[in-house]
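Here is what each chain is made of, one letter per residue.
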Amino acid sequence: MAVFDIGQSVVAGAAGVIHGTTNIDIASTLDTMRTSMEAMGVGELLGLAIETLVISLCLKIMSILITVILYGRMIEIYCTVSIAPIPIATMSNREWGGIGTNYLKGLFALAFQGFLIMICVGIYAVLINNMIIAANIHSALFSVAAYTVILCFSLFKTGSLSKSLFNAH
């Protein structure tokens with residue numbers, strides 16, 4: 001539990017830093033979108049509606065994938081912690097001590113995976129916040145989709161990155 005207390009402390013510290021820089025001003029964004037859409041013709045608005053439907057479906061699928069990744073991490077934490085007595089018991093043995101050491105490395109990697117997830121989500125929020133919607137709504141839609149794909153991919157990689165940082169097998 002001490003390992004996860006350390007990991008939770010790091011994640012909580014990162015959450016305070018990340019939260020302060022990622023606020024999105026929705027009201028001004030909606031006003032600029034409304035203004036640019038009023039200048040469009042019917043054909044362009046129809047194309048925009050079809051693009052929005054397709055990208056909305058893709059974003060919902062990626063949202064489900066992101067949720068599965070996060071719930072999978074929680075299940076991995078519970079399973080890893082539930083078998084703790086076995087590898088910890090091997091730490092006192094000279095020949096079998098590597099099992100306990102590798103278990104602790106994996107446990108630290110799992111605890112700090114939450115920190116890497118916070119970094120990924122913070123970068124995603126900054127990318128979305130810096131996007132210019134007023135210039136071209138079509139490119140903004142595809143930019144949101146691309147950033148979400150990047151978020152999904154980076155969340156998949158947090159586990160292997162965390163394990164490689166802690167040299168866990």
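Cut-off values and rules
Residues numbered from 1 in each chain as written. Predicted model: local features only at pLDDT ≥ 70, side-chain atom pairs only at ≥ 80, totals over all residues. Heavy atoms only, no water. Helix = DSSP H or I, 4+ residues; strand = E, 2+ residues; numbered from the N terminus. Buried < 20%, exposed > 50% of the residue type's maximum accessible area, 1.4 Å probe, protein only. Lys, Arg positive; Asp, Glu negative; His and termini not counted. Salt bridge = Lys/Arg side-chain N within 4 Å of Asp/Glu carboxyl O. Polar contact = N/O pair within 3.5 Å; in protein donor to acceptor, adjacent residues only side chain to side chain. Contact = heavy atoms within 4.5 Å. Expected span 1.5 Å × (residues − 1). Phe/Tyr/Trp six-rings, centres within 6.5 Å; stacked < 30°, edge-to-face > 60°. 1 Å grid on protein atoms, 1.4 Å probe; cavity = no way out; pocket = protein on both sides within 12 Å on 5 of 7 lines; lining within 4 Å. Points joined across faces, edges and corners; volume = space filled by probe spheres on them. Nonpolar A, V, L, I, M, F, W, Y, C, P; charged D, E, K, R; others polar.

Side note on the side chain of Arg 73
- If you trace the backbone, Arg 73 turns up in helix H3 (residues 42-82).
- For the buried residue Arg 73, which engages in no salt bridge, the nearest side chain bearing the opposite charge is Glu 76, 6.8 Å off.
- Within polar-contact distance, the side chain of Arg 73 engages the backbone oxygen of Leu 110 at 3.0 Å.
- When residues no more than four places from it in sequence are discounted, the contact partners of Arg 73 are Leu 110, Ala 111, Gln 113, Gly 114 and Ile 117.

Regarding H3
- For H3, with 41 residues, the first-to-last C-alpha span of 59 Å sits near the 60 Å given by 1.5 Å per residue.
- Along H3, the residues classified as buried are Leu 48, Ile 55, Met 62, Ile 66, Ile 69, Arg 73, Ile 77 and Thr 80.

Here we look at the packing of aromatic side chains
- Per the counting criterion, the structure on display carries two aromatic pairs.
- For the ring pair Phe 108 and Phe 166, a centre distance of 6.2 Å and an interplane angle of 20° mean the geometry is stacked. Pair noted here: Phe 108 is in helix H5 (residues 97-129) and Phe 166 is in the segment after helix H6 (137-165), with a separation of 58 residues, a long-range link.
- According to the relative accessible area criterion, Phe 108 is partly exposed, its value standing at 27%.
- Using a relative accessible area of 28% as the deciding quantity, one classes Phe 166 as partly exposed.
- A centroid spacing of 5.3 Å and a plane angle of 35° characterise the contact between Phe 112 and Phe 166, whose relative ring orientation is tilted.

Focus on H6
- Spanning 29 residues, H6 covers 40 Å between terminal C-alpha atoms, matching the ideal 42 Å at 1.5 Å per step.
- At the exit of H6 stands Asn 167, carrying a positive phi of roughly 55°.

Some thoughts on the environment of Val 149
- Relative to the elements of secondary structure, Val 149 occurs in helix H6.
- In this structure Val 149 comes out as partly exposed when scored by relative accessible area, which is 43%.
- When the C-alpha atoms of Val 149 and Met 62 are compared, they prove to be 7.1 Å apart, with 87 residues separating the residues in sequence.

Things to note about the layout of surface pockets
- Considering only enclosed or pocket space, the second largest pocket measures out at about 150 Å³ in volume.
- If you trace the second largest pocket, you find it lined by Glu 76, Thr 80, Asn 102, Tyr 103, Gly 106, Leu 107, Leu 110, Lys 163, Ala 168 and His 169.
- Contributions of two or more residues to the lining of the second largest pocket are made by H3 and H5.
- No other element matches the five residues that H5 contributes to the lining of the second largest pocket.
- Looking at the lining of the second largest pocket residue by residue, the classes come out as four nonpolar, four polar and two charged.

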